[in-house]
Amino acid sequence: MKTNTEPVLPGVIWAPTPSPLPCALRYTLPASVFRALGGWLSDRYGARSIMYLTLIASLACLFPLAYPETSYVIQGKEGEISFSLAMPLWGVVMLTVVLGFFMSLGKAAVYKHIPVYYPENVGSVGGLVGMIGGLGGFFLPILFGIMLDLTGVWTSSYMVLFVLVAVSLIWMHGAIRRMERARVPELGEERYRYLPELQELAARHASLQASRTDAPAPAASHVPSGNAEA
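Residues numbered from 1 in each chain as written. Predicted model: local features only at pLDDT ≥ 70, side-chain atom pairs only at ≥ 80, totals over all residues. Heavy atoms only, no water.

S.K.: Run through the overall build of the chain, naming residues and quoting values.
M.R.: Secondary structure assignment for the chain yields 7 helices and 2 strands. The order of α-helices and β-strands along the chain, N terminus first, is α-α-α-β-β-α-α-α-α. Burial statistics for the chain: of 230 residues in total, 29% are counted as buried. When the accessible surface of the chain is split by element, carbon and sulfur atoms take 67% of a total near 15200 Å². (Helix = DSSP H or I, 4+ residues; strand = E, 2+ residues; numbered from the N terminus. Buried < 20%, exposed > 50% of the residue type's maximum accessible area, 1.4 Å probe, protein only. Areas by Shrake-Rupley, 256 points an atom, 1.4 Å probe, with all protein chains shown as cover.)

This is how it looks when you write it as structure tokens:
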């Protein structure tokens, strides 16, 4: 294979490589082949837990990817100290593979969410999820180009993804907590050490109510009347 002496990404990663295609495939393959694993994990541990794991891990990967190459000058006791921070090629590839892996888990967990939280509208919500995914694949590259023109920073596309993932995480958490409070008001202020599904909360609430209903009433104490004959 002919070695390409041009940079992998002009202005971002200046390292010779046979082709940029293998680097791109290192994201695409794990982002697709591990969906089945994401579905199994969602069935075993719940879609909510897997979605939290996916979004938090994606933020952890996107932050260093979004951080542009930066030069610093520090005033030391003997003069200026200069250094720079830049992500090497192997670091970009490694974080990209990890990002693709966790996103593949999230792709399966999203569809596990639908019957759990929208059991009456599975078809319409599923269609809406597919529509948003298709539109994202169309508009995000355009948005990446716009951000590059506006900022002049090559890693601005990762910055866009970081913001989108952060907003999605906050939005998902707030929406689920509102649904929990609406479905089970008594458990609205509970602080969970784990992440139960909505049906599990409803089952706990129903079991609690049933135990209160079935509990025998305390026997009334009999106080003999003072006028009773011996």
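S.K.: I'd like to hear about a nonpolar patch on the surface, residue by residue, with values.
M.R.: On the surface, Leu-128, Met-131, Ile-132, Leu-135, Phe-138, Phe-139, Ile-142, Leu-143, Ile-146 and Leu-150 cluster together into a nonpolar patch covering about 970 Å² of accessible area. Its place among the elements puts Leu-150 in helix α5 (residues 122-151). We classify Leu-150 as exposed; its relative accessible area is 65%. (Patch = residues over 30% accessible without salt bridge, like charges linked within 9 Å, V, L, I, M, F, W, Y side chains within 5 Å. Salt bridge = Lys/Arg side-chain N within 4 Å of Asp/Glu carboxyl O.)

S.K.: With reference to specific residues and values, describe the side chain of His-113.
M.R.: Assignment of secondary structure puts His-113 in helix α4 (residues 89-117). Excluding anything up to four places from it in sequence, His-113 contacts Ala-47, Arg-48, Met-51, Tyr-118, Met-172 and Ile-176. (Contact = heavy atoms within 4.5 Å.)

S.K.: Could you give me a rundown of the packing of aromatic side chains, with the residues and numbers involved?
M.R.: Here the structure, examined in full by the defined rule, presents 5 aromatic pairs. When the ring of Phe-34 is compared with that of Phe-101, the centres are 5.0 Å apart and the planes differ by 80°; the resulting orientation is edge-to-face. With Phe-34 in the loop between α1 (21-33) and α2 (35-45) and Phe-101 in helix α4, this pair connects stretches of sequence that are 67 residues apart. Its relative accessible area of 25% is what places Phe-101 among the partly exposed residues. (Phe/Tyr/Trp six-rings, centres within 6.5 Å; stacked < 30°, edge-to-face > 60°.)

S.K.: Let's hear about the nonpolar core: which residues, and what values?
M.R.: Within the largest apolar cluster, 23 residues are counted, with the highest numbers of intra-cluster contacts made by Leu-55, Leu-169 and Met-172. Those elements giving two or more residues to this core turn out to be α3 (47-66), α4 and α6 (156-183). The contact partners of Leu-169, leaving out residues within four places of it in the chain, are Tyr-52, Leu-55, Ile-56 and Leu-59. (Core = buried A, V, L, I, M, F, W, Y, C linked by side-chain atoms within 4.5 Å.)

S.K.: Before we move on, can you summarise the packing of α4 against α5 with the specific residues and values?
M.R.: Each packed pair of helices is defined by two parameters, the angle between the axes and the distance between the axes. Across the interface, α4 lies against α5 with an axial gap of 9 Å and an inter-helix angle of 155°. By the angle between their directions, the pair α4 and α5 is classed as roughly antiparallel. At the point where α4 passes α5, the crossing takes the right-handed sense. On α5, the residues touching Val-110, Tyr-111, Ile-114 and Pro-115 of α4 are Val-122, Val-125, Gly-126, Val-129 and Gly-130. Here the residues of the contact of α4 with α5 sort into 7 nonpolar, 2 polar and no charged. (Axes fitted to C-alpha atoms, helices over the stretch in contact; angles between N-to-C directions. Parallel < 35°, antiparallel > 145°, perpendicular 65-115°, else oblique. Left-handed = near helix turned anticlockwise from the far one by under 90°. Nonpolar A, V, L, I, M, F, W, Y, C, P; charged D, E, K, R; others polar.)

S.K.: So what's going on with the packing of α3 against α6? Residues and values would help.
M.R.: Contact geometry for α3 and α6: axes closest at 9 Å, N-to-C directions at 155°. The orientation of α3 relative to α6 falls into the category roughly antiparallel. Crossing hand, α3 versus α6: left-handed. For the contact of α3 with α6, the residue count by class is 18 nonpolar, 3 polar and 3 charged.

S.K.: Tell me about the pairing of strand β1 (residues 70-76), residues and numbers included.
M.R.: Pairing analysis gives 7 bridges linking β1 to strand β2 (residues 79-85), with the strands arranged antiparallel. Opposite Val-73, over in β2, you have Ser-82 as the bridge partner. (Pairing = 2+ DSSP bridges.)

S.K.: Describe α6, naming the residues involved and giving the relevant values.
M.R.: Across its 28 residues, α6 extends 41 Å between first and last C-alpha, which sits within 8% of the 40 Å expected from 1.5 Å per residue. Of all the residues in α6, the buried ones are Ser-156, Ser-157, Val-160, Val-165, Leu-169, Met-172, Ile-176, Arg-177 and Glu-180. (Expected span 1.5 Å × (residues − 1).)

S.K.: Can you tell me about the pattern of salt bridges, naming the residues and giving the values?
M.R.: Within this structure, the stated rule accounts for 1 salt bridge. For Lys-112, the salt bridge is made with Asp-43, and the minimal N-O distance between the two is 3.2 Å. Of the two residues, Lys-112 is situated in helix α4 and Asp-43 in helix α2; the sequence distance between them amounts to 69 residues.

S.K.: Describe the confidence of the model for the chain, listing the residues and the values that go with them.
M.R.: For the chain, mean pLDDT is 76; residues scoring 70 or higher make up 69% of the total. Below pLDDT 50 for its whole length, residues 225-230 participates in 0 contacts with residues either more than four positions away or in separate chains. (pLDDT = per-residue confidence, 0-100.)

S.K.: Before we move on, could you go through the environment of Ser-58 and cite the residues and values that matter?
M.R.: Tracing the backbone shows Ser-58 in helix α3. Spatially, the C-alpha atoms of Ser-58 and Phe-102 are 6.9 Å apart, while their sequence positions differ by 44 residues. In this structure Ser-58 touches Leu-99, Met-103 and Val-165, once residues within four positions along its chain are discounted.

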